[in-house]
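As a plain string of letters, each chain reads:
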Amino acid sequence: MRSTGRNAVPARRTASHPPISTPIRRQVDTDSVVAPVHRSRPVYAAHEPRRMHWTVYAGFAMITMMIGWMVVSSVAHWWQGVEDDWRYGRPRTFQTDQVVGHHDSATSPSHFIAMNLNRHIQVIEFQGGDAANAKVYVGPVLVGADQDLSPVTLTFKDVNADGKPDMIVNVQESHIIFLNDAGQFRAPHPGENIQYTP
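Taking an unreviewed UniProt entry as the reference, the protein chain is identified by name as VCBS repeat-containing protein belonging to Dictyobacter aurantiacus.

This is the structure in structure tokens:
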């Protein structure tokens, strides 16, 4: 028998597992680390009130003047209607006496009533102030808004130089002429010489 001596124990084999590596600690250079930047909201200086362009003020002035003109016009129109109501009533009526040579005289002049009756212009003549001798003259028909409130007046003037007063019917800016002929009034014929200036 062979003597093994001290080396009878077999040599220890190395484990088949890989050796456990120890973690390597890396040293961080603190100089290279950038601290996070905290962004703060910008601080603005207090702004002065913004000034408007001069054209804005001009526009406001023009609008104000236009509104003022509309208000003044409407008030003037309303006041004109009130004055016409006081003077001419409704329907608009105008009365006057005039000696025109139709069965009348200075002591008994003819009486005239001019009316705007629903936009129809009518003139009634009481010759010599007598209702039994009444004559009606029809004028134009008015067209447009509020024309039924337009007053109608009468003036008398010799416009054809025959020595007799003729009748002029006045409505707004219009003047309708009736010639005095054969004891009554009539519309002018074409070609008649008429000279009238309001």
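When strand β2 (residues 110-117) meets strand β3 (residues 120-126), the two strands line up antiparallel, connected through 7 bridges. From the neighbouring strand, I113 faces β3, where its bridge partner is I124. Hairpin connection of β2 to β3: 2 residues between the antiparallel strands, including N118 at a positive phi of 55°. As defined by bridge partners, β3 adjoins strand β4 (residues 134-141) across 6 bridges and the pair is classed as antiparallel. Within the sheet, the bridge partner assigned to E125 lies in β4 and is K135.

Before going further, it helps to examine the side chain of E125. Positionally, E125 belongs in strand β3. Separated by 2.7 Å, the side chains of E125 and H102 make a polar contact. Within the structure, E125 has its side chain in polar contact with the side chain of Y137 (distance 2.7 Å).

Looking now at the nonpolar core. In terms of nonpolar packing, the biggest core is built from 17 residues, with F112, V123, L154, F156, M167, V169 and F185 touching the most fellow members. Secondary-structure elements contributing two or more residues to this core are β2, β3, β5 (152-157) and β6 (166-171). The contacts of V123, once residues within four sequence positions are left out, are F112, I113, A114, K135, V136, Y137, L154, M167 and V169.

A word on a nonpolar patch on the surface. On the surface, a nonpolar cluster with roughly 1,200 Å² of combined accessible area is contributed by M52, V56, Y57, F60, I63, I67, V71, V75, W78, W79 and W86. Structurally, W79 can be placed in helix α1 (residues 54-88).

Each value, and the rule that gives it
Residues numbered from 1 in each chain as written. Predicted model: local features only at pLDDT ≥ 70, side-chain atom pairs only at ≥ 80, totals over all residues. Heavy atoms only, no water. Pairing = 2+ DSSP bridges. Helix = DSSP H or I, 4+ residues; strand = E, 2+ residues; numbered from the N terminus. Polar contact = N/O pair within 3.5 Å; in protein donor to acceptor, adjacent residues only side chain to side chain. Core = buried A, V, L, I, M, F, W, Y, C linked by side-chain atoms within 4.5 Å. Buried < 20%, exposed > 50% of the residue type's maximum accessible area, 1.4 Å probe, protein only. Contact = heavy atoms within 4.5 Å. Patch = residues over 30% accessible without salt bridge, like charges linked within 9 Å, V, L, I, M, F, W, Y side chains within 5 Å. Areas by Shrake-Rupley, 256 points an atom, 1.4 Å probe, with all protein chains shown as cover. Salt bridge = Lys/Arg side-chain N within 4 Å of Asp/Glu carboxyl O.

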